[in-house]
Amino acid sequence: PGLTIQRGKELEYLGMTLDYSVKGEITFSQVPYICEMLEEFPEELGTAAITPATENLFKVDEDVSAPTLSEERSAIFHQYVAQLLFVSNRSRRDIQTAV
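The structure reproduced in this document is the subject of the present report. What you see is a predicted model; the values in this text were computed from it and never measured. (Residues numbered from 1 in each chain as written. Predicted model: local features only at pLDDT ≥ 70, side-chain atom pairs only at ≥ 80, totals over all residues. Heavy atoms only, no water.)

### Some words on the pairing of strand E2 (residues 16–19)
- In terms of strand pairing, strand E1 (residues 10–13) meets E2 through four bridges, oriented antiparallel. The residue bridging Glu10 from the neighbouring strand is Asp19, located in E2.
- The loop that links E1 with its antiparallel partner E2 comprises two residues; one of these, Leu14, has a positive phi angle of about 50°.
- The sheet contact formed by E2 and strand E3 (residues 27–29) spans three bridges and is antiparallel. Bridge pairing in E3 links Asp19 to Thr27. (Pairing = 2+ DSSP bridges. Helix = DSSP H or I, 4+ residues; strand = E, 2+ residues; numbered from the N terminus.)

### Here's the deal with unusual backbone geometry
- Positioned with a positive phi, Leu14 is a non-glycine residue whose angle comes to about 50°.
- Under the relative-accessibility criterion, Leu14 is labelled exposed at 56%. (Buried < 20%, exposed > 50% of the residue type's maximum accessible area, 1.4 Å probe, protein only.)

### Digging into the side chain of Thr17
- Among the secondary structure elements, Thr17 is positioned in strand E2.
- Exposure remark for Thr17: the relative accessible area of 8% places this residue in the buried category.
- Polar contacts involving the side chain of Thr17 include one to the side chain of Glu12, which spans 2.8 Å.
- In contact with Thr17, not counting residues within four places along its chain, are Glu10, Leu11, Glu12, Thr27, Phe28, Ser29 and Pro32. (Polar contact = N/O pair within 3.5 Å; in protein donor to acceptor, adjacent residues only side chain to side chain. Contact = heavy atoms within 4.5 Å.)

### Brief notes about the sheet that holds E2
- Here we have three strands laid out as an open sheet, ordered E1-E2-E3, and antiparallel in their pairing. Edge strands, defined here as strands with exactly one partner in the open sheet, are E1 and E3. Across the sheet, the axes of successive neighbouring strands diverge by a mean angle of 25°, strand direction being ignored. (Axes fitted to C-alpha atoms, helices over the stretch in contact; angles between N-to-C directions.)

### Examining the packing of helix H1 (residues 31–40) against helix H2 (residues 71–90)
- Taken N-terminus to C-terminus, the directions of H1 and H2 make an angle of 165°; their axes are 11 Å apart at the nearest point. With respect to H2, the element H1 is oriented roughly antiparallel. The way H1 lies across H2 gives a crossing that is left-handed. Residues Tyr33, Ile34, Met37 and Glu40 of H1 touch H2, and the partners they reach there are Tyr80, Gln83, Leu84, Phe86 and Val87.
- Considered class by class, the residues forming the contact of H1 with H2 number seven nonpolar, one polar and one charged. (Parallel < 35°, antiparallel > 145°, perpendicular 65-115°, else oblique. Left-handed = near helix turned anticlockwise from the far one by under 90°. Nonpolar A, V, L, I, M, F, W, Y, C, P; charged D, E, K, R; others polar.)

### Focus: the pattern of salt bridges
- Under the definition given, this model contains two salt bridges.
- Ionic pairing is found between Arg73 and Glu43, a salt bridge with its closest N-O pair at 3.3 Å. With a gap of 30 residues between them, Arg73 in helix H2 and Glu43 in the loop between H1 and H2 connect regions that are remote in the sequence.
- With a shortest N-O distance of 2.6 Å, Asp94 and Arg92 are connected by a salt bridge.
- By relative accessible area, Arg92 is classed as partly exposed at 34%. (Salt bridge = Lys/Arg side-chain N within 4 Å of Asp/Glu carboxyl O.)

Rendered as structure tokens:
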């Protein structure tokens, strides 16, 4: 693939939508990137939450031993954590602690 040129009031760049439709303003959005992540996730995610951080975010239950992830599930986990860190650094700082 070679160089791609986009023109117009709304541009896609590195998972971000840059909207120049209001004169003198620019709006950044990652909604399409996040929607694509959710669509591609290999498992059912369940219900939506107001915040990704629950009240027991920092509680550790030492009596429970979590099973080790398979290589495939580990790779998926790391891919999505990396994508969420990208989103949290660009537009959703509110999810950084939970990620």
